[in-house]
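Commentary on secondary and tertiary structure
Listed below, chain by chain, are the residues.
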Amino acid sequence: RVTAWSVDAPPQVMVIDLNGGSTAEDYPVYYYTSLEALPYGGLTNAVYKQTRLAMRKIPAGTFMMGEGTGAKEVTLTKDFYAGVFEVTQGQWFNVMGSTRSAFYTDASSRAFRPMEQVSYDDIRGTAAQGGGGWPANDSVYAESFVGRLRTKAGLSGFDLPTEAQWEFACRAGTDTCFNDGDAAANVSGANANTNAWLDALGRYKFDGGYIDGVTAPAAGCGPANGTAIVGSYAPNAWGLYDMHGNVWEWCLDWYVGNLGTGAVSDPVGADSGSNRVLRGGCWNNTASNCRSASRNSIDPSLRFFNIGFRLV
């Protein structure tokens, strides 16, 4: 396969066509000049939440990772593509041929809601299968989600983001609490729970995640509660949706409590550990857990109804 373009760098948007399903031999890859140039009416068309996977080019750059006195200067020396949406149940089914999502029973919305109940090991393969070697290597199990996508799209770079890539993509040039750049936004006092700034940016406990912010929804509920249909809230400046809330997103890195303060380039995380990093907060979290700098972690073999992922 040869892809050619008339400029000296890849275009702004890459789209992988998953329409052939799990039995397809290959997934065609298309490039576009912008998100606005996407066919079929653009991102408002549900194909980009089920049968096509849209990715936006993120430019290399330097930013302050973290917040307050714990922030550190990080430089990413390479451009990369990041998923416009969290990977959905429909996209997972098209690649894997099956699903196990908690929010699956609502037939009208399930394909367009984020895939959850999926572990780091499901996405890349277990250590025994060859998928747990990061950062020593980026190998994945051939029959994992990433393994299948790499083979069928003919692109070896598909993976989860590093923690630094995730935060850089989330912030989109901002250094504020949330990624819309509003300097007034904060999670102090009562704002740590319900938060008017976050209401516009993502699904969390007090903005539909819980019923009236009090009662946990049934696992099979529609998208008014629990997880939202991806893209239901405002995107950041780079056109990425749901970086705040909806589901926690797996990152490649082993988790460490203190990232240090010295300036670094292209960090890949600790050499070893017991938990992998989660970022972004989720539908049953309070606002304070959904900040751009919020961090969490869990054993890579575990699955929960509030953990999903986004590809780079």
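Bear in mind that the values here come from a model prediction, so they are computed numbers and not experimental data.

**Examining the side chain of Lys57**
Tracing the chain through its elements places Lys57 in strand 3 (residues 52–58). At 2.7 Å, the side chain of Lys57 and the backbone oxygen of Pro10 are in polar contact. Not counting residues within four places of it along the chain, the set of residues in contact with Lys57 comprises Ala9, Pro10, Pro11, Gln12, Asp79, Phe80 and Tyr81.

**Structural notes on the packing of aromatic side chains**
Remark: the centre distance and the inter-plane angle together describe each pair of aromatic rings, the angle taken between the planes. For the structure on display, the rule yields eleven aromatic pairs. For the pair Phe63 and Phe168, a centre-to-centre distance of 5.1 Å together with 50° between the ring planes defines the contact as tilted. With a gap of 105 residues between them, Phe63 in strand 4 (residues 61–65) and Phe168 in helix 4 (residues 163–171) connect regions that are remote in the sequence. Geometrically, the ring pair formed by Tyr204 and Phe206 is edge-to-face, given 6.5 Å between the ring centres and 65° between the ring planes. Accessibility expressed as a relative area gives 0% for Tyr204, which makes it buried. The class for Phe206 is partly exposed, based on a relative accessible area of 29%. Grouped by ring-pair contacts, the aromatic residues Phe103, Tyr210, Trp283 and Phe305 constitute a single cluster. Residue placement shows Arg110 over the ring face of Tyr104; its charged tip is 4.3 Å from the ring centre. The ring of Tyr210 has Lys205 sitting right over it, with the charged end atom 4.8 Å from the ring centre.

**Observations concerning the sheet that holds strand 8 (residues 264–265)**
Taken in spatial order, the three strands of this open sheet run 4-5-8, and their pairing is mixed. The open sheet has two edge strands, strand 4 and strand 8, and neither has a second partner. Relative to the sheet, helix 4 contacts strand 4 and strand 5 (72–76), its axis offset from that of strand 4 by approximately 95°.

How each quantity is defined
Residues numbered from 1 in each chain as written. Predicted model: local features only at pLDDT ≥ 70, side-chain atom pairs only at ≥ 80, totals over all residues. Heavy atoms only, no water. Helix = DSSP H or I, 4+ residues; strand = E, 2+ residues; numbered from the N terminus. Polar contact = N/O pair within 3.5 Å; in protein donor to acceptor, adjacent residues only side chain to side chain. Contact = heavy atoms within 4.5 Å. Phe/Tyr/Trp six-rings, centres within 6.5 Å; stacked < 30°, edge-to-face > 60°. Buried < 20%, exposed > 50% of the residue type's maximum accessible area, 1.4 Å probe, protein only. Lys NZ or Arg CZ within 6 Å of the ring centre and 35° of its normal. Pairing = 2+ DSSP bridges. Axes fitted to C-alpha atoms, helices over the stretch in contact; angles between N-to-C directions.

Remember that the coordinates give geometry; whether it matters functionally is a separate question.
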